[in-house]
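Take a look at the letters that make up each chain.
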Amino acid sequence: MSKLEHTVASEQAGLRIDKLLSDIQEDVSRSQAQSWIKDDLVTVNGTKVKNKYTVQEGDAIEWSIPEPEEMKIEAENIPLEIIYEDADIAVVNKPRGMVVHPSNGHQSGTMVHALLYHLKDLSGINGTMRPGIVHRIDKDTSGLLVVAKHDKAHQKLTDMLKEHDIERKYRAIVHGVIDHEFGTIEAPIGRDKNDRQKMAVVENGKPAVTHFEVLERFEEFTYLECKLETGRTHQIRVHMQYIGYPLAGDPKYGPRRTLDIDGQALHAAVLGFNHPISGEWMHFEASVPTVFQDELDKLKFNA
């Protein structure tokens, strides 16, 4: 169990203790902080407090983070479209609705569970929870992901991602009609200060760049190709909302009245990279899933 300390600054005075803890650690939700407080893992000036405690400037806060419980990941016979495989890597076309790796809320049925069944080897750099996982896409985003079968391939692919040497193009349907053909959104992304479950364009966020091209326009929607230069959490979803064209069907960042698609209309359609071992250029494409194509066909019919 690790112990952390923090002294409350003047601009933080007046916050509830649970809100402050979630602000300090961006990967910690407010509910998680509340559970620590309930379990007497948090003290202020040496005294245990309740969730509703309001911090004051100069308060000395100490909290202990329990070690995460190691979950045993077992292979599951789940259908998985593996469109390419060799001794070093595999490329998977992930379906909508599938979570990439296990977490506290998803302890079965993930892509990792399926990979363990279908592939003999997976890299171990990301530990037992994320074997082989080099990059991720959201649960309701479909499309292409490259998986590493050993650590050498994994490290090389990770380095290519950092250097922006992997081509990633997405198809997206957004609300509104974009009148120009091309665009680039360069805006930093970080945790939304008002909602820790969301990301947002924030002043001190991590650099993020998205390029887009209009493929087709409809009466109230636009069909786009988006190219990622960086890979921040929810990047395309956040950037398109930021410029006023949120993704259709997006439950977090889009309007309630939208297309009948049950999740954001976003698909990782193109993946290109130099093979991490041979250096050969690899290029893969995957068509949008049926539910996505159905909505496109309806838009075209009503245009």
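The coordinates are above.
Residues numbered from 1 in each chain as written. Predicted model: local features only at pLDDT ≥ 70, side-chain atom pairs only at ≥ 80, totals over all residues. Heavy atoms only, no water.

(A) Structural view of the overall build of the chain. Within the chain, the secondary structure is distributed over six helices and 15 strands. A globule of 303 residues ought to have a C-alpha radius of gyration of about 19 Å, and the chain, at 22 Å, matches this closely. Based on the C-alpha atoms only, the size of the chain along its principal axes is roughly 60 × 50 × 35 Å. Within the chain, the proportion of its 303 residues that are buried is 48%. The long-range fraction of contacts in the chain, counting pairs at least 24 apart against all pairs at least 6 apart in sequence, stands at 64%. For the chain, the accessible surface area stands at approximately 15,800 Å², while carbon and sulfur atoms represent 44% of it. If the 36 positive side-chain charges of the chain are averaged to one point and the 48 negative ones to another, these points end up 4 Å apart. (Helix = DSSP H or I, 4+ residues; strand = E, 2+ residues; numbered from the N terminus. Rg over C-alpha atoms; globule rule 2.2 N^0.38 Å. Buried < 20%, exposed > 50% of the residue type's maximum accessible area, 1.4 Å probe, protein only. Contact = heavy atoms within 4.5 Å. Areas by Shrake-Rupley, 256 points an atom, 1.4 Å probe, with all protein chains shown as cover. Lys, Arg positive; Asp, Glu negative; His and termini not counted. Charge placed at Lys NZ, Arg CZ, Asp CG, Glu CD.)

(B) Just the packing of aromatic side chains, in detail. Enumeration over the complete set of coordinates arrives at three aromatic pairs. Both rings, one in Y84 and one in F284, keep their centres 5.5 Å apart while their planes meet at 50°; by these two values the pair is tilted. Of the two residues, Y84 is situated in strand β5 (residues 81-85) and F284 in strand β15 (residues 281-285); the sequence distance between them amounts to 200 residues. Their ring planes at 35° and their centres at 6.1 Å tell us that F273 and F284 sit as a pair that is tilted. On the criterion of sequence distance, the pair formed by F273 in strand β14 (residues 266-274) and F284 in strand β15 is long-range, its members being 11 residues apart. Its relative accessible area of 10% is what places F284 among the buried residues. (Phe/Tyr/Trp six-rings, centres within 6.5 Å; stacked < 30°, edge-to-face > 60°.)

(C) How the structure looks around helix α6 (residues 290-302). For α6, which comprises 13 residues, the first-to-last C-alpha distance of 18 Å matches the rise-based estimate of 18 Å (1.5 Å per residue) to within 8%. Among all positions in α6, only F292, E295, L296 and L299 are buried. Along the axis of α6, the buried residues cluster in a sector spanning 100°; they form a single face. Exposed residues lying more than 90 degrees from the buried face of α6 are T290 and F301. Looking at the buried residues of α6, the elements they touch are β8 (167-175), β13 (221-228) and β14. (Expected span 1.5 Å × (residues − 1). Arc of directions from axis to C-beta.)

(D) Structural context of the pattern of salt bridges. Applying the stated criterion to the full structure yields 10 salt bridges. Between K149 and E85 there is a salt bridge, with its nearest N and O atoms 2.7 Å apart. Of this pair, K149 sits in the loop between β7 (142-148) and α4 (151-162) while E85 sits in strand β5; the two residues are 64 residues apart in sequence, bridging distant segments of the chain. A salt bridge links D138 to R237; its shortest N-O distance comes to 2.8 Å. A residue pair is termed long-range when its members are at least 10 positions apart, and D138 in the loop between α3 (111-118) and β7 and R237 in helix α5 (residues 235-242) qualify at 99 residues. The exposure class of D138 is partly exposed, given its relative accessible area of 23%. Residues joined in a network through salt bridges with shared partners are D138, R237 and D250. (Salt bridge = Lys/Arg side-chain N within 4 Å of Asp/Glu carboxyl O.)

(E) Local environment of the environment of D88. Looking at the secondary structure, you find D88 in the loop between β5 and β6 (89-94). For D88, a relative accessible area of 16% translates into the label buried. Measuring from C-alpha to C-alpha, the distance between D88 and G58 comes to 53 Å, with 30 residues separating the pair along the chain. Apart from the residues within four sequence positions on either side, D88 is in contact with V147, A148, K149, H150, A153, H275 and I277. At 2.8 Å, the side chain of D88 and the side chain of H150 are in polar contact. (Polar contact = N/O pair within 3.5 Å; in protein donor to acceptor, adjacent residues only side chain to side chain.)

(F) Quick look at the side chain of T230. Tracing the backbone shows T230 in the loop between β13 and α5. You can call T230 buried: its relative accessible area is 7%. A polar side-chain atom of T230 sits 2.9 Å from the main-chain amide nitrogen of V209. A polar contact is formed between the side chain of T230 and the side chain of Q235, at a distance of 2.8 Å. Those residues within four positions of T230 in sequence are excluded, and the remaining contacts are H164, R168, P207, A208, V209 and Q235.

(G) Up close: the nonpolar core. Counting 33 residues, the largest nonpolar core has M111, L115 and M240 as the members making the most contacts within it. Of all elements in the fold, only β6, α3, β7, β8, β12 (209-217), β13, α5 and β14 reach the threshold of two or more residues within this core. Of all the elements, α3 adds the most residues to this core, at four residues. Excluding its chain neighbours within four sequence positions, the residues that come into contact with M240 are V174, I178, I185, L224, Y245, P246 and L247. (Core = buried A, V, L, I, M, F, W, Y, C linked by side-chain atoms within 4.5 Å.)

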